[in-house]
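# Survey of secondary and tertiary structure
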Amino acid sequence: MRILFLAVPKSIATGAVKPPLFKSPPITFVWLSAFLKQARHEPEILDGYSLGLTEEQIFTRIAIANPDMVGFTSFTCEFSDIMYLIRRLRNRFPRIRIIVGGYHANSLPRDFFCDAIDYVLSGEAEQTLPRLLTRLEQGGGELSDIAGLHHRHPESGTWISNPTGHYIPNFNHTPLLPYEMVANNGYTPWWTSMDARTEKYMATVTGKGCPMTCSFCDISKTEGARYRAMDAERTVRELAHLHHDFGITHVEIRDPYFTIDLKRVAAIAQMLIDRNIRLNWGFSSTIHRIKDLELLRLLRRAGCGFIFFGVESGNRAILKREKKVTPEQVIDVVRMTRKAGIFAHCGFILGLEGETEESIRETIDLAINCRPDAANFTIAVPYPGTELFQSFKEKNYLKTFDWKEYRQDNPVFETEHLNREQLIYWLEQSHRQFFFRPAYLIDRLWHIRSWRQFKVHARIGISMFFKTLSYKS
Ligand code: SF4
């Protein structure tokens, strides 16, 4: 069966589509396509988001591809854009079946129960989506054994929800991912500049699930509380595949918790060195998994170029609750990472439970004092399905349930300590105080090695400047 996965362009509902500053591969679709191809289906990916495609361009591409089904993934803030495009698609191509999965479909599947949609899929789709397509190819019929599927009763039309199934225990038997489906879309990494004439960037996945319980994240519910991954040998085979078969030079490993098994991480690094696989790669980690400079130096020798640390807060109590570390550990780990020659990027969230103006000041102070190569500051988003959503809802903090407002630069809540204006003020202040200070600008200039790098930094700097100004309006 032919399925076309469609990444929805930002703001398509308002007609103001424009491509993002950094183009990021829709790796979830590539990942699912590997399982679909294995089951002899014919997936295709249309990355309307990164390519900034208009509605007409999308419909022209769909008419050419002529799929049996179009599949969407759903992030909460994209809800309006997804629903807009689904309705338009339904009118234009009534024959094509439509399915929605992803985070919002996991948390609030009922939001998608409407006439324009045929199926909603909760839980892991690796096994259930191929099974559904095979069943439909054979003429449909009984769908009650397809775990996590929401579908309409053939006669009454009422929605029926099947219970979700089991998680796949590990991914060693995952087929090599079909990167050729998106490899020529000109993706660009956010952590380093790259010469597009000779270098190429791609993301990959080697594991899913997370045992941490950060209040703002629902990964442990959607992917399970256990990190399930390919072993080191299989992971290196995937990286070699990217490098040798697609000429990829920069790779982002997009696992939620890549560093949970440090022996595996070290084994991957050693194999990359031993097999002379020369990649610039990186991943996300919590601070508390990084313990020694030796491992960081081994990673650097293996080509690791960046680590993103979700630090979240500079307030001792919030940091302890969310990430189980202290501000001193943050400073120590970021220092070690940079000492090993790895780009350290720290993420901070303003407005988590218990936040005050004083604790935001502590967060900005920690961001400056831990001296990362880059930082980003966002407003907490209480996504449905998270502990934060539940708590803010119970306390009556939430000011809207319009999902398109659930963005990282837009407060959708007010607490007894912080109102909307204060949160926006501190978001602007955090960027201003971190980025626009002489010590940071000199540090960045010191690390620039070429005119090309200078141009990329200048572009990011200008975009950051205007973004900071825009918080006022
Ligand atoms: S934010 Fe990261 S560490 Fe925390 S639960 Fe989510 S995936 Fe796990």
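Cut-offs used in this document
Residues numbered from 1 in each chain as written. Predicted model: local features only at pLDDT ≥ 70, side-chain atom pairs only at ≥ 80, totals over all residues. Heavy atoms only, no water. Pairing = 2+ DSSP bridges. Helix = DSSP H or I, 4+ residues; strand = E, 2+ residues; numbered from the N terminus. Axes fitted to C-alpha atoms, helices over the stretch in contact; angles between N-to-C directions. Near = heavy atom within 4 Å. Nonpolar A, V, L, I, M, F, W, Y, C, P; charged D, E, K, R; others polar. Contact = heavy atoms within 4.5 Å. Expected span 1.5 Å × (residues − 1). Buried < 20%, exposed > 50% of the residue type's maximum accessible area, 1.4 Å probe, protein only. Polar contact = N/O pair within 3.5 Å; in protein donor to acceptor, adjacent residues only side chain to side chain. pLDDT = per-residue confidence, 0-100. Right-handed = clockwise from strand over helix to strand, strands pointing away. Phe/Tyr/Trp six-rings, centres within 6.5 Å; stacked < 30°, edge-to-face > 60°.

Turning next to the sheet that holds strand S4 (residues 97–101). The strand order S2-S1-S3-S4-S5-S6-S7 describes an open sheet built from seven strands, whose pairing is mixed. The outermost strands of the open sheet, each flanked by one partner alone, are strand S2 (42–47) and strand S7 (159–161). Strand-to-strand, the axes of this sheet are offset by a mean angle of 20°, without reference to chain direction. Inspection of the sheet shows strand S5 (residues 119–121) paired to strand S6 (residues 149–152) by three bridges, in the antiparallel sense. Within S6, the residue paired with Leu121 across the bridge is Leu149.

With that settled, consider the site of the ligand. Looking at the ligand, the residues that line it are Cys210, Met212, Cys214, Phe216, Cys217, Ile219, Pro256, Thr286 and Lys323. Looking at the shell around the ligand residue by residue, the class counts come to seven nonpolar, one polar and one charged.

Relative to the helices and strands, Gly303 resides in the loop between helix H10 (293–301) and strand S13 (304–312). Between the alpha carbons of Gly303 and Leu272 there is a distance of 8.2 Å; along the sequence they are 31 residues apart. In this structure, Gly303 is in contact with Leu279, Asn280 and Trp281, ignoring residues within four places of it in sequence.

With that settled, the discussion passes to helix H9 (residues 262–274). For H9, spanning 13 residues, the distance from its first C-alpha to its last is 18 Å, which sits close to the expected 18 Å at 1.5 Å a residue. Where H9 is concerned, the buried positions are Leu262, Arg264, Val265, Ile268, Ala269, Met271 and Leu272. Summarising the contacts, the buried residues of H9 are in contact with strand S10 (228–229), helix H8 (232–246), strand S12 (280–285) and H10. Its side-chain oxygen at 3.2 Å from the backbone nitrogen of Lys263, Asp261 defines the N-terminal cap of H9. Backbone geometry just downstream of H9 places Asn276 in the positive-phi region, at approximately 55°.

On to the confidence of the model for the protein. Looking at the protein, the pLDDT average stands at 93 and 94% of residues meet or exceed 70. At the level of chain-chain contacts, confidence expressed as ipTM amounts to 0.99, with global pTM at 0.92.

Strands sit in the order S8-S11-S12-S13-S14-S15 across an open sheet of six strands; the sheet is parallel. Each of the sheet's edge strands pairs with one partner strand only, and the pair in question is strand S8 (201–204) and strand S15 (374–379). On average, adjacent strands in this sheet sit at an angle of 20° to one another, irrespective of strand direction. Pairing analysis gives six bridges linking strand S14 (residues 343–350) to S15, with the strands arranged parallel. Bridge pairing in S15 places Cys346 opposite Ala375.

This paragraph deals with the pairing of S4. Most of S4 is tucked away: four of the five residues are buried. Handedness of the strand S3 (residues 69–73)-helix H4 (residues 79–92)-S4 crossover: right-handed. With two bridges connecting them, S4 and S5 associate as parallel partners. Bridge pairing in S5 links Ile99 to Tyr119.

A few words on the side chain of Asp47. Tracing the sequence through the fold places Asp47 in strand S2. Within polar-contact distance, the side chain of Asp47 engages the side chain of Tyr187 at 2.6 Å. Apart from the residues lying within four places of it in its own chain, the contact partners of Asp47 are Ala7, Ser24, Pro26, Asn185 and Tyr187.

So, on to the packing of aromatic side chains. In total, this model carries 23 aromatic pairs according to the counting rule given. Seen in terms of ring centroids, Phe59 and Phe93 are 5.8 Å apart; in terms of plane orientation they differ by 75°. Their pairing is edge-to-face. Here Phe93 lies in the loop between H4 and S4 and Phe59 lies in helix H3 (residues 55–65), a separation of 34 residues in the sequence. Judged by centre distance (6.3 Å) and plane angle (90°), the rings of Phe401 and Trp403 are edge-to-face. We classify Phe401 as partly exposed; its relative accessible area is 44%. Overall, the relative accessible area of 10% leaves Trp403 in the buried class. Clustering of aromatic rings is evident, with ring pairs tying together Phe348, Phe377, Phe434, Phe435 and Tyr440.

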